[in-house]
Amino acid sequence: EAAVTQSPRNKVAVTGGKVTLSCNQTNNHNNMYWYRQDTGHGLRLIHYSYGAGSTEKGDIPDGYKASRPSQENFSLILELATPSQTSVYFCASGGQAPLFGEGTRLSVL
Amino acid sequence: AQSVTQPDARVTVSEGASLQLRCKYSYFGTPYLFWYVQYPRQGLQLLLKYYPGDPVVQGVNGFEAEFSKSNSSFHLRKASVHWSDWAVYFCAVSMISGSFNKLTFGAGTRLAVCP
């Protein structure tokens, strides 16, 4: 069964700290995405990837980096976390109708 | 640039009543349109998708949506709502280039179902 798995599911970080959110997909999809979800904004695209080794900027990339070391794994990295990055983050994989993970709830204090 | 507007932040209906959730899109050309549902503490699940063709598309759990080019709309409907439909519903428009799909989401409509 197609699946997108995110870890951790919940994370509390301190301002200025480094945070890494991980995503794994078993669907053999080339495309993977990172979105954040905030009330009143829906989901907004942060970074995406066409395949292993590729990362591209989405609509709101500032303050975030991404890494795609393999077909299965796509990470989102906050080098210096800020309170404005408190949000729910979703990873997705796929082509015309992406599959979504269950989300990571990040609080930056 | 593509955009999606869901004018109703929250909708409350009685169980068994009919439902319409509104979605207006802005897109240059022929859009691909989607409705996703998010149940509490879960990720987004695809309800239905529209690719150019029949304007009425059927989805899971009795949902359907109708595309209107003249109104730039893609409203979601259900004839009889069940309590398990309590969720947040997102409309999205997509720019598809080859196999890559950049989805732009609306802000979502939170559906509450009363007994």
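Bear in mind the structure is a predicted one, so any value in this text is a computation, not a measurement.

Participant: Teacher, can you tell me more about the overall build of chain B here?
Facilitator: Regarding its fold elements, chain B presents zero helices and twelve strands. From first element to last, N terminus to C terminus, chain B shows the α and β order β-β-β-β-β-β-β-β-β-β-β-β. Its C-alpha atoms give chain B a radius of gyration of 14 Å, near enough to 13 Å, the size a compact globule of 115 residues would have. Of all 115 residues assigned to chain B, the portion counted as buried reaches 46%.

Participant: Is there a simple way to think about the state of the cysteines in this case?
Facilitator: When the sulfur atoms of two cysteines share a covalent bond, that bond is a disulfide. By the definition in use, this model includes two disulfides over all chains. The disulfide partner of C23 of chain A is C91 of chain A, and the gap between their sulfur atoms is 1.9 Å. An S-S torsion of about -80 degrees defines the bridge between C23 of chain A and C91 of chain A as left-handed. Placement of C23 of chain A in strand 3 (residues 19-25) and of C91 of chain A in strand 9 (residues 87-93) is noted, with a sequence separation of 68 residues between them. Neither C23 of chain A nor C91 of chain A differs from the other in exposure class; each is buried. Covalent S-S linkage joins C23 of chain B and C91 of chain B, the inter-sulfur distance amounting to 2.0 Å. On the sign convention where negative means left-handed, the S-S torsion of about -65 degrees between C23 of chain B and C91 of chain B marks this disulfide as left-handed.

Participant: Just checking my understanding: could you explain the interface of chain A and chain B for this structure?
Facilitator: Interfaces are often described in size by the accessible area the parts lose on coming together. Contacts between the two partners involve 22 residues from chain A and, on the opposite side, 20 residues from chain B. Of all residues in chain A, the largest losses of buried area upon contact with chain B belong to L43, Q96 and F100 of chain A, amounting jointly to 29% of the total for that side. On the surface where chain A and chain B come into contact, there are one salt bridge. As a salt-bridge pair, K102 of chain B and D59 of chain A come within 2.7 Å of each other at their nearest N and O atoms. The tally of links between chain A and chain B comes to three residue pairs in polar contact (both at pLDDT 80 or more). For the side of chain A that touches chain B, the elements supplying multiple residues, two or more each, are strand 4 (32-38) and strand 5 (42-49) of chain A. Looking at which element gives the most residues to the side of chain A that touches chain B, the answer is strand 5 of chain A, with four residues. Its residues assigned to classes, the side of chain A that touches chain B comprises ten nonpolar, eight polar and four charged.

The rules behind these values
Residues numbered from 1 in each chain as written. Chains lettered and ligands numbered in written order. Predicted model: local features only at pLDDT ≥ 70, side-chain atom pairs only at ≥ 80, totals over all residues. Heavy atoms only, no water. Helix = DSSP H or I, 4+ residues; strand = E, 2+ residues; numbered from the N terminus. Rg over C-alpha atoms; globule rule 2.2 N^0.38 Å. Buried < 20%, exposed > 50% of the residue type's maximum accessible area, 1.4 Å probe, protein only. Disulfide = S-S within 2.5 Å. Contact = heavy atoms within 4.5 Å. Buried area = accessible area lost by both parts, 1.4 Å probe. Salt bridge = Lys/Arg side-chain N within 4 Å of Asp/Glu carboxyl O. Polar contact = N/O pair within 3.5 Å; in protein donor to acceptor, adjacent residues only side chain to side chain. Nonpolar A, V, L, I, M, F, W, Y, C, P; charged D, E, K, R; others polar.

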